[in-house]
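Chain by chain, the residues run as shown.
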Amino acid sequence: MEILMAFLVGILFMTATYLMLSKSLLRIIIGTGLLSHGAHLLLLTMGGLKRGAAPLLGENAPAYADPLPQALILTAIVISFGVTAFFLVLAYRAYQELGTDNMDRLRGKEGHE
Amino acid sequence: MKTNDVILQTVTKVTLFIIILFSIHLFFAGHYYPGGGFIGGLMTSGAIVLLLLAFDIKTVKSILPIDYIKLTAIGLLFAIGTGAGALLFDMPFLTHAYTYVNMPLLGKTSLHTAVLFDTGVYLVVIGVTMTIIQTIGESE
Amino acid sequence: MNNLIILPILIPLITGVILIFFTKNIPVQRWVSAAGFLLMIVAAGMLVSHVYQDGIQTMHLSNWEAPYGITLVSDMFSALLVLTTSIISFFVVLYSFKSIGEEREKFYYYPVVSFLIVGVNGAFTTGDIFNLFVFFEVMLMSSYVLLVLGGTKIQLRESIKYILVNIISSALFVIAVAYLYSVVGTLNMAHISLRLSEVSDLTIITVIAVLFLIVFGLKGAIFPLYFWLPGSYYAPPAPVMALFGALLTKVGVYSITRTYTLFFYHDTGYTHELLQIMAILTIIAGVIGAVAFTDIKKIVIYNIIVAVGVILFGVSVFTENSLAGSVFYIIHDMNIKAALFLLIGIVISITGTSDLNKIHGLIHRYPGVAWTFFIASAALAGIPPLSGFAGKLLIVRSGFEAEDYIGAAFVLMSSLLVLFSVMKIFIRGFWGAPRAYKNEENAPVKWLLFAPALLTAFAVLYGFGTEAIYPVISMAAETLANPEIYINAVLKE
């Protein structure tokens, strides 16, 4: 299972890198989304993949799942949700203002308008 | 071109309340079972988004005249206030208090300050999600 | 248990939330935020004195004992940084009253600044590695908003790049935490340190250490990873630039210092050597930029990079004296960078340009601005007895003691070139024949000068009072040099 997850994470990172290197702003945003998905999956895998009961004292189960990675991922997902939303709004504003979503045309010296 | 969304609008009018009721159920279930302020809030904002899709932004604004940024702030105040309340009792920040009471009809119920905190989360999630969606949607 | 620790985080948070309710009322925005930040200075000052008297203060959020819950830890280093942050943000807010413009003030400028301070103070205070990530994100989200607020073309363009870089570094942060968690199975920083010293396989620790260096290096702008900084910091108006320049990179530097002194002190032959090389290259790159540009914003921005290099060189030497030097220098640098950015903000509001070739003779009409700038730039370069001197002296001396001659020599030479780069502004911009500028009459110079003048006065006091402050600084350095103090303080209760 860990091997499978490792491949999945690798593929996600690969796709994310490819998308982030493209010129279209929208593709870049999708790339960042995939990148954070990959990071979250990696966090889940690294926390140890095992089945078990919810870690409550009264359960008396033979095995418990580690709740910490899940809590961390939830937090990280919320954060990346917020950042992605902000990025989308910004991209939309930039498209309206600058008239392009091509990263090549967003280049330029800092001093220039 | 104005599309004719009679089906969507009719269905929305019914399902809207079901979704909101279910989200409130999720919110309260979160005390001991899966659920809670976060997904409750997400589901409520999902309902409002459905409303936005079926009708237009003006109609929704006249139905729900809410300033979502202020709603976020109110939610934050709830959450921080619950946390900071612990400071008054010289306990660490965010320490919660709870007790069990016998209520009429409901029987033995636990009362927990975490519910107040979760209410804050619920409001913040609705506020933030709707602010984002409105910002993107408004300028069309 | 001490609730004082949370106050520097809680006060700006509450201030920010309250301010959201009064967006259209500018006087309320101004004075509530100023009052909030003043209160925060008081709380931070009390915190420093508490830490000085009773040692490291800890607080378990929600009353969950360490290492199970999130612990806030305030040692001397973090308490001092929190105090400096509070002072700087207070003055930047005062400065903003007359410079940021009503458009921005109505559009959540003060609330967002408050949230930025929440993130910065939180990152300095937290004792939990994932909580550090969360506070980083709070800080970064606010910085995105501040960067784009106003929505000019250059701001939109630069903030896209800034956000992209930071999203990637945040993803790397999550990955680094994931690796660390798989090795030690805990997130409490003191507990991580304890568990790491039991791990026999040093290689994996080194890998994680380098990963963390990349993550924090991106935020803190060390050598190969600083490429985004000059462009992004150039875009926003002066007060925002001052906040970014003084605080944001320092959070990255603080995190490197914290992790490299608390976690990764086992394989110093590799990790600290790498850090040292990076630090020296950072100094060189920063100095080249600072000397080469004739744009006053650019010159000061590149000086941020130089300072990051100097501080990290002190950390990489890793003796108690060099750490004391770094602590000295980081506080000095936050203070003086804020002052310098605010000062060049005044120059820009007078002249309407940041191009040094178009600015002459300001000293004739604005002697106050000129001499404040002169003192601030002398302090930046570390002319004794001003504030940069003691820190640099300690860093260079311990560099020579540890036989890192090359690095120490670079730090020394960089001071000279830093002095040259800022004196260039003084000589070319302030001296020479006076000339008239278009917007000159509108610039509220007297009010604007208040904040940087007081910050510069702090720098002078800090320099003259080195002897008096030294016990506090050495206490901070002692904790950094001996991780056991930190671990015992967090886990003993």
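Computed from a prediction, not measured in an experiment: that's the story for all the values here. (Residues numbered from 1 in each chain as written. Chains lettered and ligands numbered in written order. Predicted model: local features only at pLDDT ≥ 70, side-chain atom pairs only at ≥ 80, totals over all residues.)

Looking only at helices and strands, one finds 21 helices and 2 strands in chain C. By the compact-globule yardstick of 23 Å for 493 residues, chain C fits well, its C-alpha radius of gyration being 21 Å. With the C-alpha coordinates aligned to their principal axes, the bounding extent of chain C is approximately 70 × 55 × 45 Å. Here chain C holds 493 residues, and 64% of them are scored as buried. Restricting to contacts in chain C with at least 6 residues of sequence separation, those with at least 24 account for 80%. (Helix = DSSP H or I, 4+ residues; strand = E, 2+ residues; numbered from the N terminus. Rg over C-alpha atoms; globule rule 2.2 N^0.38 Å. Buried ≥ 20, exposed ≤ 12 C-beta atoms within 10 Å, placed from the backbone. Contact = placed C-beta atoms within 7 Å.)

A word on the overall build of chain A. Along chain A, the regular secondary structure elements total 3 helices and 0 strands. Mapped in sequence order, the helices and strands of chain A form the string α-α-α. The C-alpha atoms of chain A give 19 Å as radius of gyration, which overshoots the globular expectation for 113 residues (13 Å, by more than 25%). Principal-axis analysis of the C-alpha atoms gives chain A an extent of 65 × 30 × 20 Å. Across the 113 residues of chain A, 27% fall into the buried class. Sequence separation of at least 24 residues holds for 52% of the intrachain contacts in chain A that already meet a minimum separation of 6.

Now for the pairing of strand E2 (residues 71-74) of chain C. Residues and elements named next belong to chain C. Both faces of E2 are covered, namely the face carrying Thr71 and Val73 and the face carrying Leu72 and Ser74. By the bridge criterion, 4 bridges tie strand E1 (residues 57-60) to E2 in an arrangement that is antiparallel. By the bridge assignment for E2, threonine 58 is matched with valine 73. (Pairing = 2+ DSSP bridges.)

Residue and element names in this part refer to chain A. Mapped onto this numbering, the UniProt entry gives "transmembrane region" (unreviewed entry) at residues 6-21, 28-49 and 69-95. In the segment residues 6-21, helix accounts for 94% and strand for 0%; the C-alpha atoms at its two ends are 23 Å apart. For residues 69-95, helix accounts for 100% and strand for 0%, while the C-alpha atoms at its two ends are 37 Å apart. (UniProt positions renumbered as here; feature names shortened; annotations may be inferred.)

Now for unusual backbone geometry. Residues and elements named next belong to chain C. Note that the residue after alanine 66, namely proline 67, is joined by a cis bond; omega there is 0 degrees. With respect to the helices, strands and loops of the structure, proline 67 is situated in the loop between E1 and E2. Between proline 384 and the following residue, proline 385, the backbone shows a cis peptide bond with an omega angle of 5 degrees. Relative to the elements of secondary structure, proline 385 occurs in the loop between helix H16 (367-381) and helix H17 (387-401). With a phi angle near 60 degrees, alanine 221 is a residue other than glycine that sits in the positive phi range. The residue alanine 221 is located in the loop between helix H9 (202-220) and helix H10 (229-234) in this model. With a phi close to 60 degrees, phenylalanine 318 is a non-glycine residue in the positive phi region.

At the interface, 30 residues of chain C touch 27 residues of chain A. Within the residue set of the side of chain C that touches chain A, elements represented by two or more residues are helix H6 (129-148), helix H7 (153-184) and H10 of chain C.

Moving on: the packing of helix H2 (residues 26-54) of chain C against helix H3 (residues 76-96) of chain C. Residues and elements named next belong to chain C. The N-to-C vectors of H2 and H3 enclose an angle of 160 degrees; their axes lie 9 Å apart at closest approach. Taken together, H2 and H3 sit at an angle that is classed as roughly antiparallel. With respect to the hand of their crossing, H2 and H3 are arranged in left-handed fashion. Only Met76, Ala79, Leu80, Val82, Leu83, Ser86, Ile87, Ser89, Phe90, Val93 and Leu94 of H3 make contact with H2, whose side of the interface consists of Ser33, Ala34, Phe37, Leu38, Met40, Ile41, Ala44, Gly45, Leu47, Val48 and Val51. Its residues assigned to classes, the contact of H2 with H3 comprises 18 nonpolar, 4 polar and no charged. (Axes fitted to C-alpha atoms, helices over the stretch in contact; angles between N-to-C directions. Parallel < 35°, antiparallel > 145°, perpendicular 65-115°, else oblique. Left-handed = near helix turned anticlockwise from the far one by under 90°. Nonpolar A, V, L, I, M, F, W, Y, C, P; charged D, E, K, R; others polar.)

The UniProt record annotates "domain: NADH:quinone oxidoreductase/Mrp antiporter transmembrane" (unreviewed entry) at residues 128-417 of chain C. Between the end C-alpha atoms of residues 128-417 of chain C the distance is 39 Å, and the span holds 81% helix and 0% strand.

Turning to helix H3 (residues 67-98) of chain A, a few remarks are in order. In a regular helix each residue adds 1.5 Å, so 32 residues correspond to 46 Å; H3 of chain A covers 46 Å between its end C-alpha atoms and thus fits that length. For H3 of chain A, the complete set of buried residues consists of Pro69, Leu72, Ala76, Ile79, Ser80, Val83, Phe87, Leu90, Ala91 and Ala94 of chain A. For H3 of chain A, the secondary structure elements touched by its buried residues are helix H2 (25-46) of chain A together with H6 and H7 of chain C. Among the residues trailing H3 of chain A, glycine 99 of chain A stands out with phi positive, at a value near 75 degrees. (Expected span 1.5 Å × (residues − 1).)

Residue and element names in this part refer to chain B. Burial within strand E1 (residues 98-103) is sparse, with just 0 of its 6 residues counted as buried. In the sheet, E1 pairs with strand E2 (residues 107-112) via 6 bridges, with the strands oriented antiparallel. Bridge assignment links asparagine 102 to a residue of E2, and that residue is lysine 108. Hairpin connection from E1 to E2: 3 residues lie between these consecutive antiparallel strands, with leucine 105 at a positive phi of about 70 degrees.

Below, the discussion takes up the confidence of the model for chain C. In this model, chain C carries an average pLDDT of 91, and 100% of its residues clear a pLDDT of 70 or more. Among the scores for the predicted complex, ipTM is 0.93 and pTM is 0.94. (pLDDT = per-residue confidence, 0-100.)

The subject of this paragraph is the environment of tyrosine 144 of chain C. As for its placement among the helices and strands, tyrosine 144 of chain C is situated in helix H6. Classification of tyrosine 144 of chain C as buried rests on a count of 20 C-beta atoms within 10 Å. Along the primary structure tyrosine 144 of chain C and isoleucine 163 of chain C are separated by 19 residues, whereas in three dimensions their C-alpha atoms are 6.8 Å apart. With near-sequence residues (within four places) excluded, tyrosine 144 of chain C lies in contact with Phe86 of chain A together with Ser159 and Ile163 of chain C.

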